[in-house]
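# Topology and contacts: notes
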Amino acid sequence: MNYILIFLLLTFNLFAEVNVGDKAPDFTLKTLDGKQTHTMQDFKGKVVLLNLWASWCKGCKKEMPAFVALQKNNKKGFELVAVSLDDSKDKATHFLSTLNQKIPFTVLHDSKKQLGKAYSCSAMPSSYLIDKNGVIKQVIIGSLDSNDIKTLQNEINKLKQ
Amino acid sequence: MKYLISSALLSLLMLGCSETLTRVKPYEKEHFADTKMTLNILEGRTEHEGHIFLIREASAGGDSTFQGGCGCR
């Protein structure tokens, strides 16, 4: 009986998703230009919006200009970390160049999709609001519109305090 | 021991039915999102072929598999 219980617990653990209140999974990823490496620890002490995106994802393109504005409006105490899950860096770079804007936030590249797996990403795009202590405070599935950004801004303001 | 073997067998059986073995995760759909995976390209080609047929046969229609509209099929 005990073996069966252990087996069932292990099975459910395999399908465990990242939830609000969980510690944000750590990562080590390079920036899109390959010049810098970042880990989750680098953003400790800041409110982080971790966004998983890809160039082929239409919703990602829709919300990206709003993310540019969000980072510009929150220069201190907030870091938007956009992680591209594209196979190739070139596609991600081309995608960002089509926005015709200087990207003010950190863009990382994860061709092995390790963050997609770690966060059990259930849809593209997905965003995770993480507090100063590295705890997930909000899981956002799908793209954000202007109203969602306003709500998110309020949440960021609360977490920054 | 009996429980261990039965648990192992049960886990193997359930892994066989597990959808994680076959399911494409949302972040792995890059190739599915490629434009060549859409049917629009074929639609464009059909339209183009219909246009050529119209010019060649000097008649409308002919884009179906049954009769061409000109009576030649």
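Keep in mind the model is a prediction, meaning the values are calculated, not measured.

On to helix α3 (residues 89-97) of chain A. Residue and element names in this part refer to chain A. Looking only at α3, the buried set comprises Ala92, Phe95 and Leu96. For α3, the angular spread of buried residues about the axis comes to 95°, placing them on one side. Exposed residues pointing more than 90 degrees away from the buried face of α3 are listed as Asp90 and His94. If you follow the buried residues of α3, they end up packed against β3 (47-53), α2 (58-73), β4 (78-84) and β5 (106-109).

All names here are of chain A. What the rule picks out here adds up to four salt bridges over all chains. A salt bridge links Lys46 to Glu79, with the nearest nitrogen and oxygen atoms 3.0 Å apart. Of the two residues, Lys46 is situated in the loop between β2 (37-39) and β3 and Glu79 in strand β4; the sequence distance between them amounts to 33 residues. The exposure class assigned to Lys46 is partly exposed, which follows from its relative accessible area of 31%. For Asp87, the salt bridge is made with Lys113, and the minimal N-O distance between the two is 2.7 Å. Taken together, the residues Asp87 in the loop between β4 and α3 and Lys113 in the loop between β5 and α4 (114-118) connect sequence positions 26 residues apart.

Residues and elements named next belong to chain A. Packing of α2 against helix α5 (residues 146-160) brings their axes to within 11 Å, and their N-to-C directions diverge by 30°. Here α2 is positioned roughly parallel relative to α5, judged by the angle of their axes. The two elements α2 and α5 cross, and the hand of that crossing is right-handed. Residues Ala66, Phe67, Leu70 and Asn73 of α2 touch α5, and the partners they reach there are Ile149, Leu152, Gln153 and Ile156. For the contact of α2 with α5, the residue count by class is six nonpolar, two polar and no charged.

All names here are of chain A. The biggest cluster of nonpolar side chains holds 49 residues, and the ones touching the most others in it are Leu50 and Tyr119. Counting only elements with at least two residues in this core, the list comes to β3, α2, β4, α3, β5, β6 (126-130), β7 (136-141) and α5. If one sorts the elements of this core by residue count, β3 sits on top with six residues. Excluding its chain neighbours within four sequence positions, the residues that come into contact with Leu50 are Phe27, Val81, Val83, Leu115, Tyr119, Ser126, Ser127, Tyr128 and Ile130.

Quick look at the confidence of the model for chain B now. Confidence in the prediction for chain B averages 72 pLDDT; 62% of positions are at 70 or higher. Here the complex is predicted with pTM 0.72, and the ipTM for its interfaces comes to 0.76.

The rules behind the values
- Residues numbered from 1 in each chain as written.
- Chains lettered and ligands numbered in written order.
- Predicted model: local features only at pLDDT ≥ 70, side-chain atom pairs only at ≥ 80, totals over all residues.
- Heavy atoms only, no water.
- Buried < 20%, exposed > 50% of the residue type's maximum accessible area, 1.4 Å probe, protein only.
- Helix = DSSP H or I, 4+ residues; strand = E, 2+ residues; numbered from the N terminus.
- Arc of directions from axis to C-beta.
- Contact = heavy atoms within 4.5 Å.
- Salt bridge = Lys/Arg side-chain N within 4 Å of Asp/Glu carboxyl O.
- Axes fitted to C-alpha atoms, helices over the stretch in contact; angles between N-to-C directions.
- Parallel < 35°, antiparallel > 145°, perpendicular 65-115°, else oblique.
- Left-handed = near helix turned anticlockwise from the far one by under 90°.
- Nonpolar A, V, L, I, M, F, W, Y, C, P; charged D, E, K, R; others polar.
- Core = buried A, V, L, I, M, F, W, Y, C linked by side-chain atoms within 4.5 Å.
- pLDDT = per-residue confidence, 0-100.

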